[in-house]
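Observations on chain architecture
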Amino acid sequence: MEKQLERIGLVYHPDYNMDLGPHVFPARKYQMVYNLVKQDPKLASLYIYKPESAREKDLALVHTEEFLRDFFGLKLTERTQYSELPLTKQIVQSFVLAVGGTILATELTEKYRFVYHIGGGFHHSMPDRAEGFCYLNDAAIAVKLYQLRNPGKKILFVDLDLHQGNGNSVVFQNDPNVFTFSMHQENLYPKKETSGMDVPLEEGTDDQTYLQLLENSLERIVSSFRPDLIVYIAGADPFEGDSLGDLKLTFQGLRKRDKAIRDFALKTNARAVILPAGGYAKDFHDTVTIHYNTIKIFAAD
């Protein structure tokens, strides 16, 4: 008989809040989401786990020695420059901590049905280079470790960020135990890779169209792949008010999206790690609200 799991665990570290100056990536959002959780009468009592930095040997499960040398050496090279971020000691520390956070979140699925990491989801990072605000691919590293400790388990990436999860598609393209599913705006960064299932979206895609496509896709996946663990990349950037995208999901539509993934995990009896990934709303507080709403959906009975 399977042990009774607690509903939701949370992971966070204050050092995630990188100082990027006037950059489009709103790194201060993590602190704001954390603050909302602590002010919420239903969430404030949840224990929030504080991770340690990932070990370099863990990073090497995904990333090449040459890339890691440049990254830790703060060297701007062809391997690091496409991050489109500065490269400082503080930023290195923040990313290595974020990897540790996603590793911890994945480990905590032994205790919790859902674990939300208030950080991470850096799904563009490739084994040999940084891309698109992503130095280290935290989810890929955490899944590689999970596989070492749980051989034969099935892992499903559900990537509902505005942008394709190209890094994870590349890392796991030849792994039969990992299925990568990405639903994203088609005519937009990045250069597309081949996932287990890609659902390209047209500009202007609304709640109804999006949610129907999502439902159909999940039904197709589960007909041939039953996950033990779901890694949900819960980007806030499909939002109609996002500055980098042209999808038209409302707050309500995004809540329904999150509920669909929660219910799918419950139906398949899978554990889930949830990562915030991107979000670039014209009003910064909208991005924070969307991430906070995701936590509330997964915490609800």
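See the structure shown above.
Since the structure is predicted, the reported quantities are computational estimates derived from the model, not experimental observations.

**Considering the packing of aromatic side chains**
Scanning the model with the defined rule gives 19 aromatic pairs in all. Arranged with centres 6.0 Å apart and planes meeting at 80°, the rings of Tyr49 and Tyr112 form a pair that is edge-to-face. With Tyr49 in strand E2 (residues 48-49) and Tyr112 in strand E3 (residues 112-117), this pair connects stretches of sequence that are 63 residues apart. The two residues Tyr49 and Tyr112 agree in class, both being buried. Centroid distance Tyr232 to Phe298: 6.0 Å. Interplanar angle 45°. Geometry classified as tilted. Of this pair, Tyr232 sits in strand E7 (residues 229-233) while Phe298 sits in helix H9 (residues 284-299), placing them 66 residues apart in sequence. Just as Tyr232 is buried, Phe298 falls in that class too. Taken together, the ring pairs in this structure connect Phe25, Phe67, Phe71, Phe72, Phe95, Phe122, Phe133, Tyr135 and Tyr280 into an aromatic cluster. Of note, Arg28 hangs over the ring of Phe284, and the distance from its end group to the ring centre comes to 3.7 Å.

**Remarks on the layout of surface pockets**
Reported here for the largest pocket is a volume of approximately 230 Å³. What lines the largest pocket is Gln208, Leu211, Gln212, Glu215, Leu218, Glu219, Lys256, Ala260, Asp263, Phe264 and Lys267. Here the lining of the largest pocket takes 6 residues from helix H7 (residues 207-222), the largest share from any one element. Considering only residue class, the lining of the largest pocket consists of 4 nonpolar, 2 polar and 5 charged.

**Concerning the packing of helix H4 (residues 89-107) against helix H5 (residues 138-149)**
In the contact formed by H4 and H5, the axes pass within 8 Å of each other and the chain directions differ by 40°. The angle between H4 and H5 places the two elements in the oblique class. The way H4 lies across H5 gives a crossing that is right-handed. From H4, Ala98, Val99, Thr102, Ile103, Thr106 and Glu107 reach across to H5, where they touch Asp138, Ala139, Ile141, Ala142, Leu145, Tyr146 and Arg149. For the contact of H4 with H5, the class distribution of residues is 8 nonpolar, 2 polar and 3 charged.

**Re empty space enclosed by the protein**
If you walk through the whole model with that rule in mind, you get 2 cavities of 30 Å³ or more. Put simply, the largest cavity is a space of about 40 Å³. Residue lining of the largest cavity: Phe157, Asp159, Gly165, Asn168, Ser169, Thr180, Phe181, Ser182 and Ser195, and that is the complete set. Residue assignment for the lining of the largest cavity shows that the elements contributing at least two residues are strand E4 (155-159), helix H6 (166-171) and strand E5 (178-185). For the lining of the largest cavity, the element with the highest residue contribution is E5, accounting for 3 residues. Here the residues of the lining of the largest cavity are counted per class, giving 2 nonpolar, 6 polar and 1 charged.

**Details of the environment of Thr77**
Assignment of secondary structure puts Thr77 in the loop between helix H3 (65-72) and H4. Residue class for Thr77 comes out buried when judged on its relative accessible area of 17%. For the pair formed by Thr77 and Lys111, sequence separation is 34 residues and the distance between their alpha carbons is 41 Å. One polar contact links Thr77 to Asp70, side chain to side chain, over a distance of 2.7 Å.

Conventions used here
- Residues numbered from 1 in each chain as written.
- Predicted model: local features only at pLDDT ≥ 70, side-chain atom pairs only at ≥ 80, totals over all residues.
- Heavy atoms only, no water.
- Phe/Tyr/Trp six-rings, centres within 6.5 Å; stacked < 30°, edge-to-face > 60°.
- Helix = DSSP H or I, 4+ residues; strand = E, 2+ residues; numbered from the N terminus.
- Buried < 20%, exposed > 50% of the residue type's maximum accessible area, 1.4 Å probe, protein only.
- Lys NZ or Arg CZ within 6 Å of the ring centre and 35° of its normal.
- 1 Å grid on protein atoms, 1.4 Å probe; cavity = no way out; pocket = protein on both sides within 12 Å on 5 of 7 lines; lining within 4 Å.
- Points joined across faces, edges and corners; volume = space filled by probe spheres on them.
- Nonpolar A, V, L, I, M, F, W, Y, C, P; charged D, E, K, R; others polar.
- Axes fitted to C-alpha atoms, helices over the stretch in contact; angles between N-to-C directions.
- Parallel < 35°, antiparallel > 145°, perpendicular 65-115°, else oblique.
- Left-handed = near helix turned anticlockwise from the far one by under 90°.
- Contact = heavy atoms within 4.5 Å.
- Polar contact = N/O pair within 3.5 Å; in protein donor to acceptor, adjacent residues only side chain to side chain.

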